[in-house]
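Here are the chains, one letter per residue:
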Amino acid sequence: MECLVPDPFLCKNFLYPSNTYRMIEQDDFDIHTRLHTIVRGEDEAAMVESVGLALVKLPDVLNRLKPDIMIVHGDRFDALALATSAALMNIRILHIEGGEVSGTIDDSIRHAITKLAHYHVCCTRSAEQHLIAMCEDHDRILLAGCPSYDKLLSAKNKDYMSVIRMWLGEDVKPRDYIVALQHPVTTDIKHSIKMFELTLDALISFNKRTLVLFPNVDAGSKEMVRVMRKKGIEHHPNFRAVKHVPFDQFIQLVAHAGCMIGNSSCGVREVGAFGTPVINLGTRQTGRETGENVLHVRDADTQDKILHALQLQFGKQYPCSKIYGDGNAVPRILKFLKSIDLKEPLQKKFCFPPVKDNISQDIDHILETQSALAVDLGGTNLRVAIVSMKGEIVKKYTQLNPKTYEDRLGLILKMCVEAASEAVNLNCRILGVGISTGGRVNPREGIVLHSTKLIQEWSSVDLRTPISDALHLPVWVDNDGNCAALAERKFGHGKGIENFVTLITGTGIGGGIIHQHELIHGSSFCAAELGHIVVSLDGPECLCGSQGCIEAYASGIALQREAKKLHDEDLLLVEGMSMKNEEVVSAAHLIQAAKLGNAKAESILRTAGTALGLGVVNILHTMNPSLVILSGVLASHYVNAVKDVIHRQALSSVKTVDVVVSNLADPALLGAASLVLDYTTRRIY
């Protein structure tokens, strides 16, 4: 197969000067022909003339080369000339980065190339669905990720200080400078020039060292350069104004910047790989998928608004985002190229509505299973699982939970790395890591504030940063009770229910509250500590230090305590039961004794069920949910007792509540996965 990879001299945004061919030669490619097609003028007419000139010159080149496939990248006007020429000359076209949505004339050009192309390589699930909605044949679409991410994710840790010093000065430190890159919006040139002027004013006021890259050559760029010179940016001590930065060096500059500002697609796409804060100005990237590192200033109409955005974003560090790729795009694209049958008919087919319901195909080079890494930190075991978008646990790994912080964190990293590596073999695309753990958690920062007594050395622990840095994946952390509620909302009885409560009945008692479809965390992340609702002023002591909590009556630990008391008094075992000398008395023995007619064991379980039921009544009177879900190993033993207490004790207006036992096999892991699978990355300022 012979492929022509055209390289117009004005490739996507800022990274490519007019001598792009040197970069191609450095990568050991032989350039057959160079075409000079850009008409200078930097206005709308010059763009049209450039396309026309390319259309005049390209037929001769293509006749000589006779390529089997033309690879066209992106959404620039010069790429449209390439695609048009190839389509009219019956040359197969593979388009990279189609299906995306931004906010300028680039959208129209990108979608026009899509209609001309025979094969498509897209970067995100949304882009893939856009292509399908545009009637493209799904069998000819590859969800690969962005090829630039292959280089980005391996580049951050290279020597960067020399690069920073070269471009910004000897006295500049990492995270203490800004990269600014703003282009004209061809559909509203006047406004984009005004916005650029306001941006420069805000940067001057913010008083940080700033690397300003010149805009591209779209219509309006000449006026933007005049604004730079009018404000003396090229001679200002805080600014470095440059026309070109080599790609490898630019990666290091944005990876270690305190902030990036402007309207370049690089900010909303590539920079997310490093978690660098980004301020996206105006409408040029409207519709782009973005990570949580991007703050949008849609109406950048005042200097103060832009300055405030700089104050909010500068110096932050976000989890690295892999919305646009995981570093394995190029191998997928090569595999896709090799699968193309050059003997199949050239005529393109469109798949008109209705769009296929099931867009997932059983062909490994077309689409991998979107999945999450789920981590469950229990008192005894540490578990990691690969969980698919549909809630299927593809593979699960279990180890004993170490007793020390260092050993525990090391094991989490080791198990996650192994699972992520195995995911490739299982054809799973890992979108992120979700962690379910006991104790009080700050989910915004990914920090375990303090844990239960069952997990030692687990207070003030930042889980997000080390795991995100090691795996280059976004990481979410939450309390195990909250995760159980999220699991029910996505995969269980709570699906589609606006208001419900989940109660976990296991070693301890926990839970989560969904109100108006959203999880409630509370002002200090202490909401839904349902096990510590007090149901008796003089009840047994709880592990929390209080008395009469639900957990002191109905948890596995409480039942084990009562079972030991009976056993010590020789009142536990009845006919049909036996225990080995070394066997530890547990809650299971108490339940078995009750089933075999032990009256004292029955009384203990009845009291535990009543305590849990009273707690549920308090929840009904406080939150008024329409559904209560009992989860955990003890749920089936308590459900009837809880219903009975509700019938006897609750107000008539809440007695109609449904009380059900969870049908989820593993709510902790599914809840951790749902943290990833349900997360919304868009932020609007």
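- The protein chain goes by Bifunctional UDP-N-acetylglucosamine 2-epimerase/N-acetylmannosamine kinase in an unreviewed UniProt entry, where it is assigned to Gallus gallus.

Considering the sheet that holds strand 17 (residues 447–450)
Next, step 1: Ordered by their spatial adjacency, 3 strands build an open sheet running 16-17-18, and the pairing between neighbours is antiparallel. Because the sheet does not close on itself, it has two edges, and the strands there are strand 16 (440–442) and strand 18 (461–462).

Details of the UniProt feature "binding site: an N-acyl-D-mannosamine" (unreviewed entry) in the protein chain
Next, step 1: As annotated by UniProt and renumbered to match this structure, "binding site: an N-acyl-D-mannosamine" (unreviewed entry) occupies R440, T452, D480, E529, H532 and E551.
Next, step 2: What makes H532 partly exposed here is its relative accessible area of 29%.
Next, step 3: Not counting chain neighbours up to four residues away, the residues in contact with H532 comprise C542, C544, C549 and E551.
Next, step 4: Among the structural elements, E551 can be located in helix 17 (residues 550–554).
Next, step 5: Classification of E551 by relative accessible area gives buried; the value is 13%.
Next, step 6: Discounting chain neighbours no more than four positions away, the residues touching E551 are G508, I509, G531, H532, C542 and A558.

Observations concerning the packing of aromatic side chains
Next, step 1: The final tally for this structure, using the stated rule, is 2 aromatic pairs.
Next, step 2: Ring geometry for Y119 and F336: centres 6.4 Å apart, planes at 80°, overall edge-to-face. Taken together, the residues span a long stretch of sequence, with Y119 in strand 4 (residues 119–122) and F336 in helix 13 (residues 329–339) at a distance of 217 residues.
Next, step 3: Here Y119 falls in the buried class, since its relative accessible area comes to 2%.
Next, step 4: Centroid distance F206 to F314: 5.4 Å. Interplanar angle 75°. Geometry classified as edge-to-face. On the criterion of sequence distance, the pair formed by F206 in helix 8 (residues 189–206) and F314 in the loop between helix 12 (303–313) and helix 13 is long-range, its members being 108 residues apart. An identical accessibility class is assigned to F206 and F314; each is buried.
Next, step 5: Geometry around F214 places K243 over its ring, the cationic atom sitting 5.6 Å from the centre.

Side note on a negative patch on the surface
Next, step 1: Taken together, the side chains of D43, E44, E49 and E223 present a region of like negative charge at the surface.
Next, step 2: By the secondary structure assignment, E49 is in helix 2 (residues 44–65).

Section: the nonpolar core
Next, step 1: Counting residues in each nonpolar core, the largest one holds 50 residues, and the members touching the most others are I178, I261, I279, L281 and L310.
Next, step 2: Of the residues forming this core, the biggest block, 9 residues, is contributed by helix 8.
Next, step 3: Split by domain, the residues of this core number at least three in each of domain 1 (3–145 + 329–339) and domain 2 (153–313).
Next, step 4: Setting aside chain neighbours within four positions, we find I279 in contact with C259, M260, I261, G262, L295, V297, A309, L310 and Q313.

Observations regarding the packing of helix 19 (residues 587–595) against helix 20 (residues 599–623)
Angle between the axes and distance between the axes are the two parameters that describe a pair of packed helices.
Next, step 1: Two numbers describe how helix 19 lies on helix 20: the axes approach to 7 Å, and their chain directions differ by 115°. Crossing of helix 19 against helix 20: the hand is left-handed. Contacts from L590, I591, A593 and A594 of helix 19 reach helix 20 at A601, E602, I604 and L605.
Next, step 2: Tallied by class, the residues present in the contact of helix 19 with helix 20 amount to 7 nonpolar, no polar and 1 charged.

Definitions and limits used
Residues numbered from 1 in each chain as written. Predicted model: local features only at pLDDT ≥ 70, side-chain atom pairs only at ≥ 80, totals over all residues. Heavy atoms only, no water. Pairing = 2+ DSSP bridges. Helix = DSSP H or I, 4+ residues; strand = E, 2+ residues; numbered from the N terminus. UniProt positions renumbered as here; feature names shortened; annotations may be inferred. Buried < 20%, exposed > 50% of the residue type's maximum accessible area, 1.4 Å probe, protein only. Contact = heavy atoms within 4.5 Å. Phe/Tyr/Trp six-rings, centres within 6.5 Å; stacked < 30°, edge-to-face > 60°. Lys NZ or Arg CZ within 6 Å of the ring centre and 35° of its normal. Patch = residues over 30% accessible without salt bridge, like charges linked within 9 Å, V, L, I, M, F, W, Y side chains within 5 Å. Areas by Shrake-Rupley, 256 points an atom, 1.4 Å probe, with all protein chains shown as cover. Salt bridge = Lys/Arg side-chain N within 4 Å of Asp/Glu carboxyl O. Lys, Arg positive; Asp, Glu negative; His and termini not counted. Charge placed at Lys NZ, Arg CZ, Asp CG, Glu CD. Core = buried A, V, L, I, M, F, W, Y, C linked by side-chain atoms within 4.5 Å. Domains from an automatic or database assignment. Axes fitted to C-alpha atoms, helices over the stretch in contact; angles between N-to-C directions. Left-handed = near helix turned anticlockwise from the far one by under 90°. Nonpolar A, V, L, I, M, F, W, Y, C, P; charged D, E, K, R; others polar.

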